[in-house]
Amino acid sequence: MSANGLDVVELARELVRLNTVDGHGERQALAFLAETLEEAGFSCSFDGYDAEDADKVSLIARLCPEDDKPSMFFGGHIDTVPLGDALWRYDPLEGRIEGGRLYGRGSCDMKAGVAAFVCASLACVPRLRGRDLVLHIYGGEEFGCRGSLHAARSAALFGSPGAAVIAEPTSNHPLFGHKGVLWLAFETFGRTAHGSMPEQGDNALARMLPAACRLLDASPRASHPLMGSCTMALTSMRAGLNINSIPDKAVLTVDMRTVPGQDHAGLRDSLATLAGDGVSVKVMQDLEAVWTDPGHSWCRQARSLLASLFGVEPEIACARYFTDAAAARSLFPDLPILIMGPGDPGMAHKTDEFCALNDMRAATSVYEALIRAFYL
Ligand SMILES: [Zn+2]
C-alpha cells in the first residue's frame, strides 16, 4: 500500500475487470479513475473524441491548472484489443493474480502502466501544493490513437508540460522515440459491367495493377542510427464484388514507417506521382516520428534515476511501432518524452496476456522518483 492507500496491483486489477475491449466501456473506466483522482484533489475533464458515441472519451486530470510553471505529464490508454478466438487459461476480465502475475486483457497493454502513474501521482500529491501535474488517459488508442490525437488539437487542455512519460509496456526500459507512420490508400475507379462483356465496363483493377507494381518497386531511403531504415509495405488490395462482374473500384493500402526528418507530405506527393494519373490517394494515418535527445537535461536526470533504482545504466533505444507519444509531440515540439512502462511488450495483444506484479511496483517507484525529482 502506498501512503494514500491505493495499491498499484489492486488498481490495475480493478481496471482489468472494467471491460474496455475494443473501446467499449471507456467512459465507465475513466469515470472510475476520475472519481479516485478528484478525491485526491485533481480537477478532471472529459474530451469526447467521437461525435456519434458519447462513450468515447479521454480523461484529462490536472492537479493545479492555475499553475503556469512547467509540469510533468503522464499519458496512457484505457482501451484494449479484442480477446481473440483462442481459449484463455483464466477469464480475461477476471483480473486473476497467480504466480506473481496479473492476468487479463489489458493487464500489460496498458492498464498496469495507467495504474502505476495514477498511484505514483496520488502518492506525490501532498508534496505538490500549488503545482500542476497532468494525467491524460484516453480511449481509442488501438484504433489509431484517436483519443490522444483528438485532445491534441488543444494545447490549452494540458497547460505547459516540461517532461512527459507515455506508460506503454517496455519492461520499464526507457525508449527515446519511435518511428512515424504514414498509411495511404490508393484508389482507382471504373465502371461495372457483366464479366462476359468487359468492353462495356471500365476495369478499376486493371488500372490499379500497374500502379501497384510501380509502388512495389519504390523504396524511400532514409534511416536513423537507432530506429533503422524507413520501411514501406503494400499491405492490402481489394477490388471487385464477384467473379463475373467488372470491378468499378480498387483500393490498395500502403504502410510506411518513417524516421525523424522525413517529410510526410513530400512522401505522399511523390508516391501519388509514381502511382500515376487516374489513381487517387487518401491519407489514413499520418504521425511523424518521435525522438527525444537522450542528452536533454531531464533525460539525463531520468537516466541516472533509473540507473540508481535498477543498478544498470539504461540502454538508449527506440521502438519500431508508434504510440500516443506522437500526439504529445505534435502539440509540444520540444517536450522531452520517454516511453516507459511496466509489462513485457511481447505480451501485448496476446492470449493469456499478463503483467508481472514486480514490474508494476517498480514502475510506480520510478514514476514517483521522477515526479519528486522534477518538482524539486
Ligand atoms: Zn498500448
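Residues numbered from 1 in each chain as written. Predicted model: local features only at pLDDT ≥ 70, side-chain atom pairs only at ≥ 80, totals over all residues.

Participant: I'd like to hear about unusual backbone geometry, residue by residue, with values.
Facilitator: Keep in mind that most residues, glycine aside, have a negative phi and that most peptide bonds are trans. Put simply, D109 and M110 share a cis peptide bond, and its omega is -5 degrees. One can find M110 in helix α3 (residues 107-124). Even without being glycine, H349 reaches a positive phi, approximately 70 degrees. Here H349 lies in the loop between β17 (337-339) and β18 (354-356). Judged by C-beta crowding, with 14 C-beta atoms within 10 Å, H349 ranks as partly exposed. (Helix = DSSP H or I, 4+ residues; strand = E, 2+ residues; numbered from the N terminus. Buried ≥ 20, exposed ≤ 12 C-beta atoms within 10 Å, placed from the backbone.)

Participant: Would you mind going over the domain arrangement of the chain in detail, with residue names and values included?
Facilitator: Parsing the chain into structural domains produces domain 1 (8-178 + 289-375) and domain 2 (180-287). Here the C-alpha centroids of domain 1 and domain 2 sit 35 Å apart. Of the residues lining the interface, nine residues belong to domain 1; the matching set on domain 2 comes to ten residues. In the side of domain 1 that touches domain 2, the residues fall into seven nonpolar, one polar and one charged. (Domains from an automatic or database assignment. Contact = placed C-beta atoms within 7 Å. Nonpolar A, V, L, I, M, F, W, Y, C, P; charged D, E, K, R; others polar.)

Participant: A description of the packing of helix α1 (residues 8-17) against helix α9 (residues 357-375) should follow, citing residues and the corresponding values.
Facilitator: Interaxial distance between α1 and α9 falls to 9 Å at its minimum, and their mutual angle equals 115 degrees. The pairing of α1 with α9 is recorded here as roughly perpendicular in orientation. The two elements α1 and α9 cross, and the hand of that crossing is right-handed. Residues V8, V9 and A12 of α1 pack against L357, M360, R361 and T364 of α9. When grouped by side-chain class, the residues that make up the contact of α1 with α9 number five nonpolar, one polar and one charged. (Axes fitted to C-alpha atoms, helices over the stretch in contact; angles between N-to-C directions. Parallel < 35°, antiparallel > 145°, perpendicular 65-115°, else oblique. Left-handed = near helix turned anticlockwise from the far one by under 90°.)

Participant: Can you explain helix α5 (residues 204-217)? Please cite residues and give values.
Facilitator: Its 14 residues give α5 an end-to-end C-alpha distance of 21 Å, which sits within 8% of 20 Å, the value for a rise of 1.5 Å per residue. Of the residues making up α5, those classed as buried are A204, R207, M208, A211 and L215. Along its buried surface, α5 packs onto β9 (180-189), β12 (231-239), β13 (249-258) and α6 (264-275). (Expected span 1.5 Å × (residues − 1).)

Participant: Go over the nonpolar core with me, naming the residues and quoting the values.
Facilitator: Counting 102 residues, the largest nonpolar core has A12, A115, A116, F117, V118 and V165 as its most contacted members. With 13 residues, the single largest contributor to this core is α3. Here this core spans two domains, since at least three of its residues come from each of domain 1 (8-178 + 289-375) and domain 2 (180-287). For A12, the residues in contact, after removing those within four places along its chain, are L102, S107, K111, A112, A115, C355 and M360. (Core = buried A, V, L, I, M, F, W, Y, C linked by C-beta atoms within 7 Å.)

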